[in-house]
Amino acid sequence: MGGSIVAERHFVSKLEDVRLHLLNKRLDGRARPPRGPVLFVHGSSMASEPCFDLMVGDSDAYSLMNLFAREGFDAWCLDCEGYGRSDKWRDRDYDVADGIDDLEVAVGHILDHTKRERVHLYGGSSGALRAAGYASRRPDRVDRLVLDALVWTGEGSPTLTERRKRLPQFQAARRRPLDAAFIRTIFERDHPGTADPEVIAAFSEAVVALDTSIPNGTYIDMCTKLPLVDPASIHAPTLIMRGEWDGIAAFEDVAAFFARIPHPDKQFAVLPGIAHSSFHGKNHALAKHVLLSFLTRPEPVYTGRD
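Here we summarise the structure given alongside this text. Just so we're clear, the structure is a prediction, and the values are computed from it rather than from any experiment.

Criteria and cut-off values
- Residues numbered from 1 in each chain as written.
- Predicted model: local features only at pLDDT ≥ 70, side-chain atom pairs only at ≥ 80, totals over all residues.
- Heavy atoms only, no water.
- Pairing = 2+ DSSP bridges.
- Helix = DSSP H or I, 4+ residues; strand = E, 2+ residues; numbered from the N terminus.
- Axes fitted to C-alpha atoms, helices over the stretch in contact; angles between N-to-C directions.
- Contact = heavy atoms within 4.5 Å.
- 1 Å grid on protein atoms, 1.4 Å probe; cavity = no way out; pocket = protein on both sides within 12 Å on 5 of 7 lines; lining within 4 Å.
- Points joined across faces, edges and corners; volume = space filled by probe spheres on them.
- Nonpolar A, V, L, I, M, F, W, Y, C, P; charged D, E, K, R; others polar.
- Buried < 20%, exposed > 50% of the residue type's maximum accessible area, 1.4 Å probe, protein only.
- Core = buried A, V, L, I, M, F, W, Y, C linked by side-chain atoms within 4.5 Å.
- Phe/Tyr/Trp six-rings, centres within 6.5 Å; stacked < 30°, edge-to-face > 60°.
- Lys NZ or Arg CZ within 6 Å of the ring centre and 35° of its normal.
- Salt bridge = Lys/Arg side-chain N within 4 Å of Asp/Glu carboxyl O.

Some points on the sheet that holds strand β4 (residues 74-79)
Taken in spatial order, the eight strands make up an open sheet running β1-β2-β4-β3-β5-β6-β9-β10, and their pairing is mixed. Each edge of the open sheet is held by one strand with a lone partner, namely β1 (5-14) and β10 (266-271). Taken over all neighbouring pairs, the strand axes of this sheet differ in orientation by 20 degrees on average, direction set aside. Bridging between β1 and strand β2 (residues 18-27) involves 10 bridges; their strand directions are antiparallel. When the bridges of β2 are listed, R9 appears paired with L23. Here helix α10 (residues 251-259) sits on the sheet in contact with β6 (142-148), β9 (238-243) and β10, set at roughly 165 degrees to β10. Against the sheet, helix α11 (residues 284-296) contacts β3 (37-41), β5 (119-124), β6, β9 and β10, and its axis sits at roughly 175 degrees relative to β9.

Structural data, given as structure tokens:
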């Protein structure tokens, strides 16, 4: 689709005195985009824009927001409370449950603003737990659900095995420091070489420009409370995405979750050559194709059910 992209920032109230930040991108025009809204939900260690609206030099090839706007979607991303441009002043861990509450507010705003009844929902890593939790809570508001780099029970996850060794450190403080060196470890811990150095550098710079510390709540949840989501409670068409070398999302764990989703319209895609960060690696075009295909596929004409 042609036309320029319009970007708007929205701030919505949670609990009256807490502001949440959303970025909206769509093609310029008087009508709302024909394919409706899609909301992208970030993970534990960074705010939304570096994940979903990254510029690498003058190129927007790593911007999911721009891609989906050009494809006729109303594209949105949310900074959960404690991250990015959203408020961070409350003395809380900002765990997965807090993120689900953030989605309640954000989705309500998006649907009011776009005059739609449902939203497509994507979540990556702990954002997948937030997205799945919200889809379980509000099935009436979720059209299609995409869970990327999901952890269910944590069984077989080498990243979580190492993370649990630092659990006392996470429990001793609300937040942990964030710098470019830590961001690089996300790309190096599972399978070094999956992302280009200039992309890692641009991503790291964008992350630390918004946050110099991040909440510990989702790390603590993944170390102590799994499973947080019952797959039997998900009643939306669902895509599970998993990078071939992802150290969080162990294949057997995610496959067992997938098998228990009751909705017949579901897909499980293993992404070759990708580790934990699907949309910043050398194979980002493959991940985008899988995601876009699922969100633009036609609805079944025949289901065999009344």
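On we go from here.
Some remarks on the layout of surface pockets
For the largest pocket, the calculated volume is near 290 Å³. Forming the walls of the largest pocket are 15 residues, and the residues nearest its centre are R163, R166, F182, R189 and Y219. Taken together, the elements giving at least two residues each to the lining of the largest pocket come down to α5 (158-164), α6 (167-171), β7 (175-177) and α7 (180-188). Counting residues per element, the lining of the largest pocket draws most heavily on α5, at four residues. Residue classes in the lining of the largest pocket are distributed as six nonpolar, three polar and six charged.

Some points on helix α9 (residues 217-224)
Most of α9 is tucked away, with seven of its eight residues classed as buried. Along α9, the residues classified as buried are G217, T218, Y219, I220, D221, M222 and C223.

Describing the nonpolar core
L39, F40, F68, L147, M241 and L291 are the most contacted members of the largest nonpolar core, which totals 91 residues. Counting residues per element, this core draws most heavily on helix α3 (residues 96-114), which supplies seven residues. Setting aside its immediate chain neighbours within four residues, M241 contacts Y122, V146, L147, D148, A149, A269, L271, F279, A287, V290 and L291.

Thoughts on the packing of aromatic side chains
The way to describe two aromatic rings as a pair is by their centre distance and the angle between their planes. A complete count under the given rule lists 11 aromatic pairs for this structure. One aromatic cluster is present, formed by F40, F52, F68, F73, Y122 and F279 through successive ring pairs. Positioned over the ring face of F11 is R19, at 4.2 Å from the centre of the ring. In this structure, R176 packs its charged tip against the face of Y219, placed 3.6 Å from the ring centre.

Thoughts on the pattern of salt bridges
Counted by the stated rule, this structure contains 25 salt bridges. Where D93 meets R174, a salt bridge forms, and the shortest distance between an N and an O atom there is 3.0 Å. One end of the pair, D93, is in the loop between β4 and α3; the other, R174, is in the loop between α6 and β7, and 81 residues separate them in sequence. A relative accessible area of 27% places D93 in the partly exposed class. Owing to a relative accessible area of 37%, R174 belongs among the partly exposed residues under this scheme. Of the charged contacts, one joins K225 and D221 as a salt bridge, the two residues approaching to 3.3 Å between their closest N and O atoms. Of the residues examined, D221 reaches a relative accessible area of 3% and is grouped as buried.

Description of empty space enclosed by the protein
This structure, assessed with the given rule, holds two cavities of 30 Å³ or more. Of the pockets and cavities examined, the largest cavity occupies roughly 330 Å³. In this structure, the largest cavity is lined by 22 residues; those nearest its centre are M46, C51, S125, H276 and S277. Listing elements by their share of the lining of the largest cavity, those giving two or more residues are α1 (48-52) and β5.

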